[in-house]
Amino acid sequence: MNELQSLLHQVAENASEADMALLKDFLIAIQKKQQNTSTTYLNAVLQMDIQFEQDTCIVTFPITPLSFNTFDKPHGGIIATVMDNAMGYLVNKDLRPEGKGAVTTNMNIHYVKAATQESLIATASYLHKGRQTLVLECSVTQPDGKRIAHATGSFFVINPPDSSK
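Residues numbered from 1 in each chain as written. Predicted model: local features only at pLDDT ≥ 70, side-chain atom pairs only at ≥ 80, totals over all residues. Heavy atoms only, no water.

Q: Where do I start with the packing of aromatic side chains in this structure?
A: In total, this model carries zero aromatic pairs according to the counting rule given. Stacked on the ring of Tyr-41, the Lys or Arg Lys-33 has its end atom at 5.7 Å from the ring centre. Over the ring of Phe-52 we find Lys-93, and its NZ or CZ is 5.2 Å from the ring centre. (Phe/Tyr/Trp six-rings, centres within 6.5 Å; stacked < 30°, edge-to-face > 60°. Lys NZ or Arg CZ within 6 Å of the ring centre and 35° of its normal.)

Q: Looking at this structure, I do not really get the nonpolar core. What am I missing?
A: Taken as a class, soluble globular proteins show a tendency for nonpolar side chains to be buried jointly. Within the largest apolar cluster, 31 residues are counted, with the highest numbers of intra-cluster contacts made by Val-59, Leu-120, Leu-134, Leu-136 and Val-140. A total of 10 residues in this core trace back to one element, the largest contributor, which is helix α4 (residues 76–95). Look past the residues within four positions of Leu-120 in its chain and what remains in contact with it is Val-59, Thr-60, Phe-61, Ile-63, Pro-74, Ile-79, Ala-115, Val-140, Thr-141, Gln-142 and Ile-148. (Core = buried A, V, L, I, M, F, W, Y, C linked by side-chain atoms within 4.5 Å. Buried < 20%, exposed > 50% of the residue type's maximum accessible area, 1.4 Å probe, protein only. Helix = DSSP H or I, 4+ residues; strand = E, 2+ residues; numbered from the N terminus. Contact = heavy atoms within 4.5 Å.)

Q: Whenever I open this one, the pattern of salt bridges confuses me. Can you help?
A: Any two side chains of opposite charge can pair if their charged atoms end up close together. According to the stated counting rule, one finds two salt bridges in the structure shown. Here Lys-129 and Asp-55 are joined by a salt bridge, their closest N and O atoms 3.8 Å apart. Within this pair, whereas Lys-129 is found in strand β4 (residues 119–129), its partner Asp-55 is found in the loop between β1 (49–53) and β2 (56–62), the two being separated by 74 residues in sequence. Under the relative-accessibility criterion, Lys-129 is labelled partly exposed at 48%. Of the charged contacts, one joins Lys-93 and Asp-94 as a salt bridge, the two residues approaching to 2.8 Å between their closest N and O atoms. (Salt bridge = Lys/Arg side-chain N within 4 Å of Asp/Glu carboxyl O.)

Encoded structure:
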């Protein structure tokens, strides 16, 4: 614990305001995962708010310095990650009652424009529901409705490993 406390002290001593905000966000994310209010560390760190409406999944997330590329815009990889998660949440929610899950086998993304607002919204829906494969689409928009990116993803249905082992 002393090594961690020393590291925290060193980081805090030399931290900018942005560094301190990120450190706080990371600690809150770990706490959310510990308290089971977030399913993964990634969801918690990216501050994803997940909602389901009929056959769609809507993931809203704030743009923070954690998501920035070198131009202080949301990194395409972060946007791709959130899109994959939105589609995956929808598929896995629907397969859970059957004791099944799904994994991404392919994803194709088209980035349309750089984000200019403080949050983004990823909306995923089905294009095809098969027994073994599913195809979804996901659009990322700003709150003003401007499209930032569009993706399609293919998912393969699996029997998840028994997590009790």
